[in-house]
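Fold and geometry: a report
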Amino acid sequence: MTVPSPRVAKRPPCPPYLPRSCAVAALGALCGLAQAQVAAPETAASAPPQQLQRVQITGSAIKRIADEGALPVQVLTRNDIVKAGVTTAAELMATVSSLSNNLTDGVSISTGGFRDQMGFNSANLRGLGTSSTLVLLNGRRMANFASPGDDNGVDLNNIPAAAIERVEVLLDGASAIYGTDAIGGVINFITRKDYQGVQLDVYAGKSGEGGAGKRTASIAAGHGDLARDGFNLMGVLDLQKTSALRTSQRDFISDLRIPERLPHLLSSASFPGNIRLGGDQLDYLESQGFAINGRPITTRTINLSAPTCQPPHSLYLPDGIGGVDGCTYDYMRDLELYPKTDKGSFLGRGVLKLGDRHEAFIEAAYTRSKSWYVGTSNRIDADLDVSMIPALAATGLGDALPDDRLITVRTRMLEAGPRASELTSTGSRVVVGMTGTLGAWDYDWGYNHSVNRVSDRDVRGYLPYTETMQAFADGLLNPFGPSSEAGLAFLRDNNINQEVRRARGSMDSLDAKFTRSLAKLGGGDLAIALGGELRREKSSSAASDLLISDEIVGDPTPGDAQFTSNSRKVWAAYGELLAPITKAWELQFALRHDHYQKVGATTNPKVSLRYAPLDNLTFRASAGTGFRAPSMNDLYRSVKTGETATLPDPVCMRENDNDLGFCANNWETRTYSNANLKPEKSRQFSIGMLADPTPEWSFGLDYWRIEKRDLISTLGDDVILANLDKYEPLVHRYNEDEGIAGCDYDPDDSEICFIELRKENRGKQKASGLDITLQYRSPATAMGRFGVKLVGTLTLSSKKQTGDGDPYISNLGRFVTDGVVQRWRHRVNFDWSRGPWSVNLANSFYSGYDDQNSAIDTNTGLVVGKNKVKAYSLWDLSGGWEATAALTLRAGVKNLFNTAPPFSNQAYFFISGYDPSYTDPRGRFFYLAASYQFR
């Protein structure tokens, strides 16, 4: 969404460090308004004319003197980053209202490879998917997150945050300019250039209830004036550390009342352990009148400590998954909500003038983000001889069932500590190139080598399976109480600490573009841009021998799904024409052709129109087509084994009197890639207006609509089971003699062996909405200067077909499968400044929505009660003081009113009780920041 900005003819341009791209964005308008009102009229009249700088705006390859453009571009400046109190690219993207369903650290909380792209922080424009949002660094691509999975995009942890000068968010499909991944839009992180001097920045933050503290320090240094000295060298080093946040440190976890509201979503692996009886064992014990707490047992799950159990982790919840005779484990009392992280980044850039018409440059970046994701303590089903359980041995069970003496104990290994994974995402990038002029043509070429590496280590709480099972069988480990010193020594000596997964992705590209003016038109130069790109993408992944052997308790083998090695070549050519027909009318046309090895070719046009009948009123519109090529994971990844959420099997329901308690289960799934996938295709359209009726007020409104077809997706497992008339061939059962490995034929067993999920081009997706911006900036007064800026997104439609011919399912204001698109999201800032002092009050708002409401209580056979997730509103307050010309201090409070995440029934994420994709569990957070510049 572009905020209207002052016209060049009426107000002076922004200073050099804020290029005129600010004229097409929300926050750039502040610059022009402030200068226009501070300068006295006679001073402005007497000042010498300034030469307006041609700049390149995201969404166009042609440099020009920027005013409001034909495409909606939102700009976040360095000042916005500072005021928001954020220190990472992911935190900054969370403030953008047009993004939805981002991948975050909270989403990554899991154990044992539960999420195959753990640690991935991504941006998701319009909620169309991470794979449809293109992230650039200084206008060029980066290597995507390397771990194989369904999401394809840049890890925001690989953006050198301290080096960011501004971010340009193109809120319009841009495949005609940038190619694949740009259906939803483009996010271009632009770093400092031609910097001189030294700047030191420090930041320290602490949450009000403890945990999730943060410390950062950065240094930026540059030497050489490009215009005067003919060169510039600069570098930015940034170091960040955050501490973990455990559930025990937050009162809102208790306030969510998860054991009361969602007992069936908890765990039956408790401590002391639950005994899982066989059918004959239960029958014998019932015949002997075996009782727990004076009550005869009635179920196959019993716990000798019930009803006491062992709070706060293990609870007696008759309606819970442990049942009336067992204990239920509340895992939300035994994990972390926010990971400990250690991040470092460096960006260096050098520019050398070669005569008056050419410049050579080199840019190098290195980032490393190390996160420790801590989940629950491990669980295991240990087999013990009945003689080792005195209470059961006394019943004569062993003698009565000599062939059935083994007792399965499902226990939680609290003594081994919570499972912890160390996830390291490393990014490196080198770009070399030249810019300059050859005759009438301006040129820009660059060679880009970009790499992402991901390492996943099991570091705590993981143990060798065979040895651990034997330790329980020998009595070395006690599933019902404290283990002996020898048992504790076993846990210490056998803790697994090794890399279990690794992946590498690389991209090498050579790009060039040439621009020139062709003729003079009524509104300026008729300009053309021609360009092309050659790119080679590679990806590989592997797993450790120990993981593949399925010998890690709590980290099941992925089979060979982690072993991949693929590459492909891509080439593209594009052209763009910019025609300012008159001072009021401007036409932009672009055409791009992309060719992907083994996938095919596609050509996509785009046309944009801008009409400014008045100096303070602009209308604009654009229309185009786009595509997204299938990723190499979509094409070539090996079979991935997983499981569904708790879902009922209709066949079982028919055979068992619709008994949900018996027929609902977590069914195995097998996901297959497809080497014959075609690109997704899209059509997008936008129309909007910008107005600044007075020097103080600005307003912008854009309508957008995007339609994707040939979606690259798997059918939802819930969709398959709900439409067996159409999708029965995808459900493989034991009574079907298909010769499939792992599905031994049994004509009397209709149970599901696995559900087949296969990548296909199927169905459509549609989304539309309004981007709204309203801004006020007061004149200078004795009380200072006041301002307010609202940037919001009202989504009108968001729906998708899960299969060809299927009805559309809307996730607008409704959690569906893996997330929700809120109907209204906004960020509003209230500013005040006077002399060296400034204050900012900001609000982020997410409207309420209908919850998932699909979880099934397998104990009672009932669907969980409906829930409406409340709206989520966070207020942030910060203030700044320019103590001297060199020193600036800032203090702030994020989440001023300590607002807790609202309760949610969602059963998709590992975390229960709330949705971690957009909420902040840290609560009230205080921070101090200081910046010192040497010039």
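As a starting point, this report considers the structure included with it. (Residues numbered from 1 in each chain as written. Predicted model: local features only at pLDDT ≥ 70, side-chain atom pairs only at ≥ 80, totals over all residues. Heavy atoms only, no water.)

Observations concerning the overall build of the protein
Each helix and strand counted, the protein has 20 helices and 48 strands in total. Looking at the protein as a whole, 58% of its 935 residues are labelled buried. Long-range contacts, defined as pairs at least 24 residues apart, comprise 72% of the intrachain contacts of the protein with a sequence gap of at least 6. Of the roughly 36800 Å² of accessible surface on the protein, 55% is carried by carbon and sulfur atoms. (Helix = DSSP H or I, 4+ residues; strand = E, 2+ residues; numbered from the N terminus. Buried < 20%, exposed > 50% of the residue type's maximum accessible area, 1.4 Å probe, protein only. Contact = heavy atoms within 4.5 Å. Areas by Shrake-Rupley, 256 points an atom, 1.4 Å probe, with all protein chains shown as cover.)

Remarks on the environment of Ser 377
Relative to the helices and strands, Ser 377 resides in strand β18 (residues 358–377). Residue classification places Ser 377 among the buried positions, given a relative accessible area of 2%. Separated by 42 residues in sequence, Ser 377 and Arg 419 have C-alpha atoms that sit 5.4 Å apart. Those residues in contact with Ser 377, other than ones at most four positions away along the chain, are Tyr 329, Asp 334, Arg 412, Met 413, Leu 414, Gly 417, Pro 418 and Arg 419. Within polar-contact distance, the side chain of Ser 377 engages the side chain of Asp 334 at 3.0 Å. (Polar contact = N/O pair within 3.5 Å; in protein donor to acceptor, adjacent residues only side chain to side chain.)

Let's talk about the state of the cysteines
Counted according to the given criterion, the structure contains 2 disulfides. A sulfur-sulfur separation of 2.1 Å characterises the disulfide bridge that pairs Cys 309 with Cys 327. Between Cys 309 and Cys 327, the disulfide has an S-S torsion of -90° and is therefore left-handed. Residue Cys 309 is located in the loop between β13 (301–302) and β14 (314–315), and its partner Cys 327 is located in the loop between β14 and β15 (328–329); the two are separated by 18 residues in the primary sequence. (Disulfide = S-S within 2.5 Å.)

Overview of helix α14 (residues 485–493)
When α14 is considered as a whole, its buried residues turn out to be Gly 487, Phe 490 and Leu 491. Buried positions in α14, seen along its axis, are confined to an arc of 95° and lie on one side of it. Residues of α14 that are exposed and angled more than 90 degrees away from the buried face: Glu 485, Arg 492 and Asp 493. (Arc of directions from axis to C-beta.)

Digging into a nonpolar patch on the surface
Among the surface-exposed residues, Leu 518, Leu 521, Leu 577, Ile 581, Trp 585, Leu 587, Phe 589, Leu 591, Val 607 and Leu 609 lie close enough to one another that they form a single nonpolar patch of about 770 Å² accessible area. Where the nonpolar patch is concerned, the elements lending two or more residues are β23 (498–521), β26 (585–596) and β27 (600–614). Counting residues per element, the nonpolar patch draws most heavily on β26, which supplies 4 residues. Mapped onto the elements, Leu 577 comes out in strand β25 (residues 564–579). (Patch = residues over 30% accessible without salt bridge, like charges linked within 9 Å, V, L, I, M, F, W, Y side chains within 5 Å. Salt bridge = Lys/Arg side-chain N within 4 Å of Asp/Glu carboxyl O.)

A closer look at a positive patch on the surface
A grouping of Arg 453, Arg 504, Arg 536, Lys 538 and Lys 569 is seen on the molecular surface, where their side chains present a positively charged patch. Mapped onto the secondary structure, Arg 536 falls in strand β24 (residues 524–543). (Lys, Arg positive; Asp, Glu negative; His and termini not counted. Charge placed at Lys NZ, Arg CZ, Asp CG, Glu CD.)

Structural notes on the sheet that holds strand β4 (residues 164–170)
Strand order in the open sheet formed by 5 strands is β1-β4-β5-β2-β3, with mixed pairing between adjacent strands. With partners counted over all chains shown, the strands left at the sheet margins are β1 (73–77) and β3 (140–141), one partner each. (Pairing = 2+ DSSP bridges.)

Describing the sheet that holds strand β19 (residues 379–385)
Pairing in this open sheet of 4 strands is antiparallel, and the strands run β13-β10-β20-β19 from one edge to the other. Of all the strands in the sheet, the pair left with one neighbour each is β13 and β19. Here 3 bridges tie strand β10 (residues 274–276) to strand β20 (residues 406–412), and the two strands are oriented antiparallel to one another. Bridging across to β20, Ile 275 finds its partner in Val 409. Against the sheet, helix α13 (residues 465–473) contacts β19 and β20, and its axis sits at roughly 45° relative to β19. (Axes fitted to C-alpha atoms, helices over the stretch in contact; angles between N-to-C directions.)

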